[in-house]
Amino acid sequence: MDIQGDSAEPWETAAALVRAAQGGDALAMDELLTLVTPYVTWLCRPIAPHDVPDAVQDSLLAVFKGLRTLRDPLAFYGWVRTVTVREAVRVARRTAVEEPADPADLARLGELRPGTDGELPSDVRDVLARLPVQHRAVLVLRELEGLDEAAVAELLGVPTGTVKSRLHRARSSFRKAWSR
Amino acid sequence: MSNDPDPVRRLRVLAAGLHAGMYREERIPLPYERVWAVAADLSAELPHLVPFLHAFQVPAGDADRKQARAVARSGLREDFEVRLAPGWCLMQSRLIVGGMAAVPEDGGTRFAVLGATRPTALRPVQWLYGHLLGGRRGRAFVGRVTERARLR
């Protein structure tokens, strides 16, 4: 099965593959796996920087195991995001010692970017490494994915107030580190 | 280090997605090259590896996408689409899916095999294949791959 047209939007390409994969087409499922792996990796890297391969693998397992339950194939990417963030947070929490995230990934965190060169000072990296996993997840969804606070709250299954306070604390930790 | 899943991890994801009746993953204490030489030689080796298979006809050449025809000992014929790459083989007909994957691991090989039936109206055939592919078949398959690789 070959549905990768040049003109199709990513979610349309994915939707066609999702429908075929839901019908048990293994070749379509294989193509869908190739298509979605970079996105899953991109989400996992800042949330579980020390366990990227495991976070990616567990996310992909959960995504494909649950594929049959996805009712709207056009909603595939949003659903993948939900599943991936949940799995990445779970994997990151297993690690006793949290390691700093890759500076290149951190630099992508939109408005938290310190300068135009994309380099983060080591003390900022240290601050980020000390953030609880859930705070990192909030930062990724808010700053990387551009979701509003209500959407982040729904995705993580916490009240909006919790998202607000985590975001506030995460941002103020960064500001303190930068202003020193 | 690449974060992309290696072929074995990839096959594990497909097994979960297909709710495969048969999936087996084992370490074979032989070099990857020898093990994969067996797995990739579909027309010569597959009939040795799958008990009910009489022949598996694949066109020669290095193409990564091929059409193949399986002939069962019963005489039943089934056409397959085949995807072949280093450490990766995925085969699909109207009724069944088969897959093999391998990666080098500490001087040996991590090898995985998958067998699944496709949703179909042909329930009795599906039951038959399910029976043939299920349970202990996975372990036996990996055992035969190991035997064939030792002979090389």
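Along each chain, the written sequence defines residue order, and numbers are assigned to residues from 1. Chain letters and ligand numbers both follow the written order, the letters beginning at A and the numbers at 1. pLDDT decides what is reported in this predicted model: residues at 70 or higher carry local features, side-chain atom pairs at 80 or more are listed and counted, and totals for whole chains, interfaces and linings draw on all residues regardless. In computing side-chain values, all of the structure's heavy atoms are included and hydrogens and water are not.

Under an unreviewed UniProt entry, chain A has the name RNA polymerase subunit sigma-24 and belongs to Streptomyces cellostaticus. UniProt positions are given in the numbering used here, feature names are shortened, and annotations may be inferred rather than shown by experiment. In its Sequence similarities (unreviewed entry) section, the UniProt entry covering chain A states "Belongs to the sigma-70 factor family. ECF subfamily."

Before going further, it helps to examine the overall build of chain A. The secondary structure content of chain A amounts to nine helices and zero strands. To qualify as a helix, a DSSP run of H or I must reach at least 4 residues; to qualify as a strand, a run of E must reach at least 2; elements of each kind are numbered from the N terminus. For chain A, the N- to C-terminal ordering of α and β elements is α-α-α-α-α-α-α-α-α. Expressed as a percentage of its 180 residues, the buried residues of chain A come to 53%. At a minimum sequence separation of 6, the contacts of chain A that also span at least 24 residues come to 67%. Surface accessibility follows the Shrake-Rupley procedure with a 1.4 Å probe radius. Residue values consider only the protein chains on display as shielding. Taken as a whole, chain A presents about 8300 Å² of accessible surface, with 49% of it coming from carbon and sulfur. Note on classification: 1.4 Å probe, protein chains only; a residue is buried when its accessible area is under 20% of the maximum for its type, exposed when over 50%, partly exposed between these limits. Here a residue-residue contact requires only that any non-hydrogen atoms of the pair lie within 4.5 Å.

This next bit is on the layout of surface pockets. Taken as a whole, the largest pocket holds about 260 Å³ of empty space. Cavity and pocket criteria rest on a 1 Å grid covering protein atoms alone: a 1.4 Å probe that fits but cannot get out defines a cavity, protein on both sides within 12 Å along at least 5 of 7 lines defines an open pocket, and an atom within 4 Å of a point defines a lining residue. Lining the largest pocket are twelve residues; nearest its centre among them are Asp-30 and Thr-34 of chain A together with Arg-10, Arg-83 and Trp-88 of chain B. Going through the elements one at a time, helix 2 (26-47) of chain A together with strand 4 (77-85) of chain B are the ones with two or more residues in the lining of the largest pocket. Considering every element that reaches the lining of the largest pocket, the biggest residue donor is helix 2 of chain A, with four residues. Grid points are joined across faces, edges and corners, and a volume is the space filled by probe spheres set on the points.

Turning our eyes to something else, we now look at the interface of chain A and chain B. Accessible area lost upon the coming together of the parts is a frequently used measure of interface size. Across the boundary between the two partners, chain A contributes 25 residues, which contact 22 residues of chain B. Taking both sides of the interface into account, the surface hidden between chain A and chain B amounts to around 2200 Å²; carbon and sulfur atoms contribute 58%. We count a salt bridge whenever a side-chain nitrogen from Lys or Arg sits within 4 Å of a carboxyl oxygen from Asp or Glu. For the pair chain A and chain B, the number of links is two salt bridges. Put simply, Arg-10 of chain B and Asp-30 of chain A hold a salt bridge, and the shortest N to O gap is 2.8 Å. Examining the composition of the side of chain A that touches chain B, we find that ten residues originate from one element, helix 2 of chain A, more than from any other. Classification used: nonpolar for Ala, Val, Leu, Ile, Met, Phe, Trp, Tyr, Cys and Pro, charged for Asp, Glu, Lys and Arg, polar for all others including Gly. Here the residues of the side of chain A that touches chain B sort into eleven nonpolar, six polar and eight charged. By convention, the term buried area covers the 1.4 Å-probe accessible surface removed from two parts as they join, with the contributions of both added.

Residues and elements named next belong to chain B. Unusually for a residue other than glycine, His-19 sits at a positive phi of about 50°. Turning to its location among the elements, His-19 is positioned in the loop between helix 1 (7-18) and strand 1 (22-28). By relative accessible area, His-19 is classed as partly exposed at 41%. For Asp-106, which is not glycine, the phi dihedral falls at a positive 50°. Checked against the element boundaries, Asp-106 lands in the loop between strand 6 (96-105) and strand 7 (108-117).

Residue and element names in this part refer to chain A. Between the first and last residue of a helix there are one fewer steps than residues, each counted as 1.5 Å, and that sum is the expected span. Between its terminal C-alpha atoms helix 7 (residues 133-144) stretches 15 Å, which fits the 16 Å expected from twelve residues at 1.5 Å a residue. Most of helix 7 is tucked away, with eleven of its twelve residues classed as buried. Gly-146 sits one or two positions beyond helix 7 and adopts a positive phi of about 70°.

All names here are of chain B. Taken as a whole and assessed by the stated rule, the structure comprises 17 salt bridges over all chains. For the salt bridge of Arg-83 with Glu-81, the shortest nitrogen-to-oxygen distance reads 3.2 Å. Owing to a relative accessible area of 12%, Arg-83 belongs among the buried residues under this scheme. By relative accessible area, Glu-81 is classed as partly exposed at 28%.

As a further point, take the sheet that holds strand 5 (residues 88-92) of chain B. Residue and element names in this part refer to chain B. Pairing between strands is defined by DSSP: at least two bridges between the two strands are required. Reading across from one edge, 1-7-6-5-4-3-2 is the order of the seven strands in this open sheet, with antiparallel pairing throughout. Two strands lie at the open edges of the sheet, namely strand 1 and strand 2 (53-57), each paired on one side alone. When the angles between neighbouring strand axes are averaged without regard to direction, this sheet yields 20°. Here strand 2 pairs with strand 3 (residues 65-72) via four bridges, running antiparallel. For Phe-56, the partnering residue across the bridge sits in strand 3 and is Ala-70. In the packing of helix 2 (residues 32-40) onto the sheet, contacts are made with strand 1, strand 4, strand 5, strand 6 and strand 7, and the angle to strand 6 comes to roughly 165°. Running over the sheet, helix 5 (residues 137-150) touches strand 1, strand 6 and strand 7 and is turned about 35° from strand 1. Axis definition: a line fitted to C-alpha atoms, over the contacting stretch in the case of helices. Angles run 0 to 180 degrees between N-to-C directions.

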